[in-house]
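Observations on the three-dimensional arrangement
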Amino acid sequence: MSSLEMVALEGGRRLGLPAVLDLLAAESLREVIRESLVLGGRLDIDASQVERMSTPCIQVLMAAGRALKEGGITFSIDRPSDAFINGFYDLGLGSELADWTMTQ
């Protein structure tokens, strides 16, 4: 998976994250999540392929998590990779990540 992949699901969407979430990916990630806010329904984020994640992408995901919650949109992180999880813990944001629904 080399880019963000959004797939429609019954009642929402699934967002597949690429292996590399760097500075260049942050803007696209923000736009895709913004679209989910407008459309409503649940958002499942597949984080299984993430091998490297930059701070800007973590910031986008944190802001998105708060906005989705405020917008009443259910979201979950599906199969988060170790790199995805460690990205949050490396920045001292493990408690924020722990508040999200995660599925294995």
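All values reported here derive from a predicted model rather than from experimental measurement. (Residues numbered from 1 in each chain as written. Predicted model: local features only at pLDDT ≥ 70, side-chain atom pairs only at ≥ 80, totals over all residues. Heavy atoms only, no water.)

1. A look at helix 1 (residues 23-39)
Counted only if it meets this: In this description a helix means any DSSP run of H or I spanning at least four residues, a strand means any run of E spanning at least two, and both kinds are numbered starting from the N terminus. Helix span, expected: 1.5 Å multiplied by one less than the number of residues in the helix. Here the term buried applies to any residue with accessible area under 20% of the maximum for its type, exposed to any over 50%, and partly exposed to those in between, with areas from a 1.4 Å probe on protein chains only. Starting at the helix axis, one direction is taken to each C-beta atom, and the arc is that of these directions. Any two residues whose heavy atoms approach within 4.5 Å at even a single point are treated as in contact.
In this model, helix 1 (17 residues) spans 25 Å end to end at C-alpha, consistent with the 24 Å of a helix rising 1.5 Å per residue. When we look at burial in helix 1, the residues that qualify are Ala25, Ala26, Leu29, Val32, Ile33 and Ser36. Along the long axis of helix 1, the arc covered by the buried residues comes to 140°, so they all point the same way. Seen from the open side of helix 1, the exposed residues pointing more than 90 degrees away from its buried face are Leu24 and Val38. Looking at the buried residues of helix 1, the elements they touch are strand 1 (5-9), strand 2 (12-16), strand 3 (20-21), strand 4 (42-46) and helix 2 (55-70). Two residues or fewer past helix 1, Gly40 is found with a positive phi of approximately 75°.

2. With respect to unusual backbone geometry
What you tend to see is this: most non-glycine residues have negative phi, and most peptide bonds are trans. Despite not being glycine, Arg79 has its phi angle at roughly 45°, a positive value. With relative accessibility at 39%, the residue Arg79 sits in the partly exposed group.

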